[in-house]
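Summary of the model geometry
These are the residues of each chain, in order.
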Amino acid sequence: MSQILIKKLVKKYGQNQVVHGIDLEIKPKEFVVLVGPSGCGKSTTLRMIAGLEEISSGEIQIGNKVVNNLAPKDRNIAMVFQNYALYPHMSVRENLSFALQLQKMDRKDIDRRVRQAAEILGLMDLLERRPGQLSGGQRQRVAMGRAIVRNTPVFLFDEPLSNLDAKLRNQMRTEIKKLHMRMGTTIVYVTHDQVEAMTLADRIVVMKDGYIQQIGSPLEIYRNPANAFVAGFIGSPPTNLIEISGQIIGMRPEHIRLEAEGLSNPVGYQAQVEVLEPLGGETLVHTLVLNQKVIVKCEGLAPVRPSQVIQIYIDKENQRFFDKTSGKALNYN
Amino acid sequence: MLKRSHYENPILPYLLISPQMLIVILFFLWPAGAALLQAFQISDPFGQGTAFVWFDNFKNLFETLEYRQSFLKTLVFSVSTALLSLLMGLALAALTNRILKIKTVTRTLLIWPYAVAPAMAGMLWLFLFHPTYGVIGHFLVSNGVDWNPVLNGTHAMVMVIIAASWKQISYNFVFFLGGLQAVPRSILEAAAIDGAGPLRRFFVIVLPLLSPTIFFLIVMNLVYAFFDTFGVIHATTEGGPGGATSTLVYKVYSDGFVGQDLGGSAAQSVILMVITVILTIVQFKVVEKKVHYNG
Ligand SMILES: Nc1ncnc2c1ncn2[C@@H]1O[C@H](COP(=O)(O)OP(=O)(O)OP(=O)(O)O)[C@@H](O)[C@H]1O
Ligand SMILES: [Mg+2]
């Protein structure tokens, strides 16, 4: 049983193919995050699921029904847009009830649903305001409210948090997670922020240039990236990738130490310190190993100075190896 | 606050705007002032003498049935012209907006009528609508319609309205297209997902978002129909038949230059001036206050 099933999905704009036959199965109540660099086709894929973009070839099923030729309104989905896309001439209440009114729902039921959603999102006092009179975070809530009132089995999010400042973004991220636990809807969520992907997803789909690179739980993807691209994309800071004797070695900054003690099976590299970035609780030490950038994440203050030559150590089993030409992981354990 | 520019020579800025000021004074302030003065005088047709008569000219005007009827005709003409050209402009813009990449050539062609001189536009429509040698007129007549704008006042009015609004369609089109393209695509997409079909999206989302543009255009079109249609009327009907298409602005000309009633004509132009001022004030008040959305 799957909620959304995508088979060999292709999108072409004229001669330019931007999504190259991707396959993806999403289970009911699953929170799936599509993540990847700008222009990799995340939004396009999401918009094809929503019915806002025509499918060039392949098939999309929602709730075991092929929806290729269905209008957006007939796909039983709700969507939250990056710029919120609120109706500027309508009050918050009207924004929230618009879809329900179109369904010819009872006035009373509409009021009840709107109130429920507004309570969940803390919008009760703002119902009579226009979007122009709301802060960014409040608009974001209204946008989510518009999805919630519809009570559809599938929610689609396209970078819903990218217009918020960092603090609000963290706060809304938690709220989205809570919302998902509470409502139990299937969510497809697009972002280029890998922290969002790691924290929200049941499963992450990493995309690049219109291809899926890897599908897996956040931990799987963190521990066993399928290729050098995924390794270099996930994590903050992401995995250090350096080339040594024809192989690419991936080392996570948090796995690297400045001394060998405490490691069961240490490997050492000579490194030259470039810059220190103290973050309070931890310090990022930017170094060069064989003239290639390696970032080391140390707890507390790092006892090193710029331009100092030091030894850095990593446990052997924490290293990942990738083929130099294909980028594929070699010791997939 | 606007930033003040500084010039080393204090006279230079005044010198720079003097040509523009000269034009304004020569072609606007002076004639307007003269009209104002004349409105309170009567002059004999040969320009031999004038007499100051206070409000007699105005009183005479409102006492003549012809002038009061002309007011009504102007209202019918202006509202119909504005409505027709707004609807056509909006329809064209909505259709054009659906085409993703409209060719520049096509767009330019759609704007063309605006550049046609009013007299030419008038002639063009007369040639089309004339009962004997006009294509449309001939078609109507041969299909049993008793069409004759040369003799029938109502027909003449219809023809003038069509000719006058045709010229204004392009202007409306440009503004409507701009307004339509400013409607964020995602809002329409959100509405589509919410279950609104294309027609409902247009009426419930697009039109309200266009309302500032619509209001601006209503005022502009009324101003155009009131004051800027002399050329079209002169070329098609010369205010006839029997004064059927003699709008206020046309009467200013016909009473003044043809009828030689300079005082009465000046009084009429003062009344028109007052109407413009009122329209402009209304426009600014409403634009300031209501029809304005942000984000
Ligand atoms: N309407 C369009 N016409 C032509 N090409 C398009 C169109 N929309 C998107 N593309 C192209 O398709 C590719 C994928 O775009 P998409 O918007 O899906 O990227 P994305 O992964 O969402 O990126 P971002 O993180 O920047 O939003 C890009 O190369 C883009 O240039
Ligand atoms: Mg995108």
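Use the structure listed above.
Residues numbered from 1 in each chain as written. Chains lettered and ligands numbered in written order. Predicted model: local features only at pLDDT ≥ 70, side-chain atom pairs only at ≥ 80, totals over all residues. Heavy atoms only, no water.

**Quick notes on the overall build of chain B**
Put simply, the rule reads: Numbering goes from the N terminus for both helices and strands, where a helix is a DSSP run of H or I of at least four residues and a strand is a run of E of at least two. Buried, partly exposed and exposed residues are distinguished by accessible area as a fraction of the type maximum, computed with a 1.4 Å probe on protein chains only: under 20%, between the cut-offs, and over 50%, respectively. In this description, contact between two residues means that some pair of their heavy atoms is separated by no more than 4.5 Å. Charge counting follows a simple rule: Lys and Arg are positive, Asp and Glu are negative, and His as well as the terminal groups are ignored. Note on charges: their place is set at NZ of Lys, CZ of Arg, CG of Asp or CD of Glu.
A count of helical and extended segments in chain B gives 12 helices and two strands. Mapped from its N terminus to its C terminus, chain B presents α and β elements in the order α-β-β-α-α-α-α-α-α-α-α-α-α-α. Put simply, chain B has 295 residues, and 39% of those count as buried. Taking contacts inside chain B between residues at least 6 apart in sequence as the whole, the part at least 24 apart equals 66%. Between the mean site of the 17 positive side-chain charges and the mean site of the 13 negative ones, chain B shows a separation of 17 Å.

**Considering the site of ligand 1**
Residues and elements named next belong to chain A. Quick note on the threshold: When we say a residue is near a molecule or strand, we mean one of its heavy atoms is within 4 Å of it. Each polar contact in these results corresponds to two N or O atoms within 3.5 Å; when the atoms are within protein, one needs to be able to donate a hydrogen and the other to accept it, and residues that are neighboring in sequence are counted only if both atoms are side-chain atoms. Here the accessible surface of atoms and residues is derived via Shrake-Rupley with a 1.4 Å probe, and residues count as covered only by protein chains that are part of the display.
For ligand 1, the full set of nearby residues is Y13, V18, S38, G39, C40, G41, K42, S43, T44, E159 and H192. In this structure, an oxygen atom belonging to ligand 1 sits 2.8 Å away from a side-chain N or O atom of K42. Here an oxygen atom of ligand 1 sits 3.2 Å away from a polar atom, N or O, in the side chain of E159. Considered on its own, ligand 1 offers 640 Å² of accessible surface; in the complex 59% of this is hidden by protein. At three residues, the largest contribution of residues to the shell around ligand 1 is made by helix 1 (residues 42–50).

**What to know about helix 7 (residues 153–181) of chain B**
Residues and elements named next belong to chain B. The test is simple: Expected helix span is computed as 1.5 Å times (number of residues minus one). Bend at a given residue is defined as the angle between two axes, one fitted to the seven residues that end at that position and one fitted to the seven that begin there.
With 29 residues, helix 7 extends 41 Å between its outermost C-alpha atoms, agreeing within 8% with the 42 Å of an ideal straight helix rising 1.5 Å per residue. Where helix 7 bends most, the angle comes to about 35 degrees, and this point is Q168. Where helix 7 begins, one side-chain oxygen reaches toward the backbone nitrogen of T154, 2.8 Å away; that side chain belongs to N152.

**Some points on the sheet that holds strand 17 (residues 320–323) of chain A**
Residue and element names in this part refer to chain A. Note the threshold: One bridge is not enough; two strands pair if DSSP finds at least two bridges between them. Whenever a helix is involved, its axis is fitted only over the stretch in contact; in every case the axis is a line through C-alpha atoms, and angles between N-to-C directions fall within 0 to 180 degrees.
With antiparallel pairing, the three strands of this open sheet are ordered in space as 11-12-17. Each having just a single partner strand, strand 11 (240–244) and strand 17 make up the two edges of the open sheet. Strand-to-strand twist in this sheet, taken as the mean axis angle between neighbours without regard to direction, amounts to 30 degrees. In this sheet, strand 17 lies alongside strand 12 (residues 247–251) in antiparallel orientation, the contact comprising four bridges. Paired with G250 across the strands is R320, a residue of strand 17.

**Concerning the environment of N172 of chain B**
Residue and element names in this part refer to chain B. Relative to the elements of secondary structure, N172 occurs in helix 7. A relative accessible area of 0% means that N172 is categorised as buried. Residues N172 and A82, spaced 90 residues apart in sequence, show a C-alpha to C-alpha distance of 9.8 Å. With residues up to four places along the chain from it excluded, the contact list for N172 reads S85, L86, G89, L217 and N221.

**A look at the sheet that holds strand 13 (residues 266–278) of chain A**
All names here are of chain A. The strand order 15-14-13-16 describes an open sheet built from four strands, whose pairing is antiparallel. Only two strands of the sheet have a single neighbouring strand rather than two, namely strand 15 (292–299) and strand 16 (309–315). Across the sheet, the mean angle from the axis of one strand to that of its neighbour is 50 degrees, orientation sign disregarded. Direction of pairing for strand 14 (residues 282–289) relative to strand 15: antiparallel, over a ladder of eight bridges. Counted as the bridge partner of T287 is V294 from strand 15.

**A short note on the interface of chain B and chain A**
Worth spelling out the cut-off: Reported buried area values correspond to the accessible surface (1.4 Å probe) lost by two parts on association, with both partners' losses combined. A pairing counts as a salt bridge when a side-chain nitrogen of Lys or Arg comes within 4 Å of a carboxyl oxygen of Asp or Glu. Here the term charged refers only to Asp, Glu, Lys and Arg, the term nonpolar to Ala, Val, Leu, Ile, Met, Phe, Trp, Tyr, Cys and Pro, and the term polar to all other amino acids, Gly among them.
The interface of chain B with chain A comprises 19 residues on the first partner and 26 residues on the second. Buried area between chain B and chain A, summed over both chains or domains, comes out near 1,900 Å², and the portion from carbon and sulfur atoms is 65%. Summed over the shared surface of chain B and chain A, the result is two salt bridges. When the shortest N-O distance is used, the salt bridge between E189 of chain B and R47 of chain A registers 2.7 Å. Counting every contact that joins chain B to chain A gives eight residue pairs in polar contact (both at pLDDT 80 or more). Going through the elements one at a time, helix 8 (185–194) and helix 9 (198–227) of chain B are the ones with two or more residues in the side of chain B that touches chain A. Here the element with the most residues in the side of chain B that touches chain A is helix 8 of chain B; it accounts for nine residues. The class makeup of the residues in the side of chain B that touches chain A is 11 nonpolar, four polar and four charged.

All quantities given are derived from atomic positions and should not be read as evidence of function.
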